[in-house]
Amino acid sequence: MKVKISDKLDDLNSLLNEIKETSTDIGAIIIFVGSVRGLGRDGERVLRLEYEAYEGVVEKTLEKIISDLKDKYGIIDAIVEHKIGPAHVGEDTVYALVASRHREEGFKSLIELIERLKHEVPIWKREVTEKGSYWIKST
Amino acid sequence: MVKVRVKYFGELHDILGIREEEYDVEDATIAELLLKYIPDRHAGVADKWRETVFATVRGEVAINKDGMPILKNHFILVSGKSTELNYRLKDGDEIAILPPVGGGNAK
């Protein structure tokens, strides 16, 4: 299990290799990549996003989520990295990798992991657009 | 007298213009910290603070049947653990006031 928040995400291929080395029982690795969309909610042009986090609590919360998913779905391992600070259009902001024996529990776990990441983990996102800036709330 | 550290995130540090600060409080709960100490120190934005953090009715902070103010989708952590507003502050506590966390859209 690895969780990290940073102003620079690690290389995705290196994370893929890292999780592959966790176990020879792995039969599926499902990956989610979150990136900055160029259009805001109201159609305005996005200039950048700005992420801030409650460091320390973010890591503990993510570790709890992964631990829950191991218990619930029997996944083998997961890695989550989330960017903090400014992120420009097209830039990757989240990497989440779930390794499992079969694809079914991997897909289910990854969806749940991302939903919980968006709703439970203390990370806030400000969208800076050509018309102004707004703190984004989950929907 | 106890000394506590308060951390603000998201729009709260925009409102107050500060990310964290310390308070010396006398036998106070978190509710008193949020309703009295913080707005007293930041008097210029006290109304905005109350409207953002608390549910309000006709401009007044809404109170539940136990006499506690009602938060507006905000959460309080004390030294990393979720805590009720009637928690009595202890020396060295770190209080984090968390606005609703913000994620992307699923659809």
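For the structure itself, consult the block above.
All values derive from a computational prediction rather than experimental measurement. (Residues numbered from 1 in each chain as written. Chains lettered and ligands numbered in written order. Predicted model: local features only at pLDDT ≥ 70, side-chain atom pairs only at ≥ 80, totals over all residues. Heavy atoms only, no water.)

A.B. asks: Could you clarify how one ought to interpret the side chain of A:His82 in this entry?
C.D. replies: Considering the arrangement of structural elements, one finds A:His82 in strand 4 (residues 77-83). With relative accessibility at 4%, the residue A:His82 sits in the buried group. (Helix = DSSP H or I, 4+ residues; strand = E, 2+ residues; numbered from the N terminus. Buried < 20%, exposed > 50% of the residue type's maximum accessible area, 1.4 Å probe, protein only.)

A.B. asks: Hey, could you run me through the interface of chain B and chain A in this one?
C.D. replies: The accessible area lost on association of the parts is a frequent measure of interface size. Taken together, the contacts link 21 residues of chain B with 21 residues of chain A. Carbon and sulfur atoms make up 51% of the surface buried where chain B meets chain A, a total of about 1700 Å² over both sides. Between B:Arg19 and A:Glu52 there is a salt bridge, with its nearest N and O atoms 3.2 Å apart. If you look at where chain B meets chain A, you find eight residue pairs in polar contact (both at pLDDT 80 or more). Listing elements by their share of the side of chain B that touches chain A, those giving two or more residues are strand 1 (2-8), helix 1 (11-16) and strand 7 (94-98) of chain B. Residue composition of the side of chain B that touches chain A, grouped by class: nine nonpolar, seven polar and five charged. (Contact = heavy atoms within 4.5 Å. Buried area = accessible area lost by both parts, 1.4 Å probe. Salt bridge = Lys/Arg side-chain N within 4 Å of Asp/Glu carboxyl O. Polar contact = N/O pair within 3.5 Å; in protein donor to acceptor, adjacent residues only side chain to side chain. Nonpolar A, V, L, I, M, F, W, Y, C, P; charged D, E, K, R; others polar.)

A.B. asks: Explain the layout of surface pockets to me, please; I cannot follow it from the model alone.
C.D. replies: Over the atoms, a rolling probe the size of a water molecule traces out where space has been left empty. Computed from the structure, the second largest pocket encloses a volume of approximately 330 Å³. Lining the second largest pocket are 16 residues, with A:His119, A:Glu120, B:Phe75, B:Leu98 and B:Val101 positioned closest to its centre. Elements supplying a minimum of two residues to the lining of the second largest pocket: helix 2 (57-73) and helix 3 (103-120) of chain A together with strand 5 (75-78) of chain B. Its residues placed into classes, the lining of the second largest pocket shows eight nonpolar, six polar and two charged. (1 Å grid on protein atoms, 1.4 Å probe; cavity = no way out; pocket = protein on both sides within 12 Å on 5 of 7 lines; lining within 4 Å. Points joined across faces, edges and corners; volume = space filled by probe spheres on them.)

A.B. asks: Looking at this structure, how should I read the packing of helix 2 of chain A against helix 3 of chain A?
C.D. replies: Pairs of packed helices are described in terms of their axes, by the angle between the two and the distance that separates them. All names here are of chain A. Two elements in contact, helix 2 and helix 3, have axes separated by 10 Å at closest approach and are oriented at 150 degrees. On the basis of the axis angle, helix 2 is roughly antiparallel to helix 3. Viewed along their axes, helix 2 and helix 3 form a crossing whose handedness is right-handed. Where helix 2 approaches helix 3, its residues Thr61, Leu62, Ile65, Ile66, Asp68, Leu69, Lys72 and Tyr73 are matched on the opposing element by Glu105, Lys108, Ser109, Glu112, Leu113, Arg116, Leu117 and Glu120. In terms of residue class, the contact of helix 2 with helix 3 is made up of seven nonpolar, two polar and seven charged. (Axes fitted to C-alpha atoms, helices over the stretch in contact; angles between N-to-C directions. Parallel < 35°, antiparallel > 145°, perpendicular 65-115°, else oblique. Left-handed = near helix turned anticlockwise from the far one by under 90°.)

A.B. asks: Looking at this structure, how should I read the sheet that holds strand 2 (residues 28-35) of chain A?
C.D. replies: Sheets are built from strands that pair by backbone hydrogen bonding, the pairs being arranged parallel or antiparallel. All names here are of chain A. Taken in spatial order, the four strands of this open sheet run 1-4-6-2, and their pairing is mixed. Two strands bound the open sheet, and with one partner strand each, they are strand 1 (2-6) and strand 2. Across this sheet, the average inter-strand angle for adjacent strands is 5 degrees, counted without regard to direction. As defined by bridge partners, strand 4 adjoins strand 6 (residues 92-100) across six bridges and the pair is classed as antiparallel. Bridge pairing in strand 6 places Ala78 opposite Val98. The sheet contacts of helix 2 involve strand 1 and strand 4, and relative to strand 1 the element is tilted by about 150 degrees. Sitting on the sheet, helix 3 is in contact with strand 2, strand 4 and strand 6, with an inclination near 145 degrees to strand 6. (Pairing = 2+ DSSP bridges.)

A.B. asks: Explain the sheet that holds strand 5 of chain B here, please?
C.D. replies: Residues and elements named next belong to chain B. Strands sit in the order 2-1-7-5-6 across an open sheet of five strands; the sheet is mixed. Every interior strand has two partners, whereas the edge strands, strand 2 (20-25) and strand 6 (81-82), have only one. Here strand 1 pairs with strand 7 via four bridges, running parallel. When the bridges of strand 7 are listed, Tyr8 appears paired with Ile97. Sitting on the sheet, helix 2 (residues 30-41) is in contact with strand 1, strand 2, strand 5 and strand 7, with an inclination near 110 degrees to strand 2.

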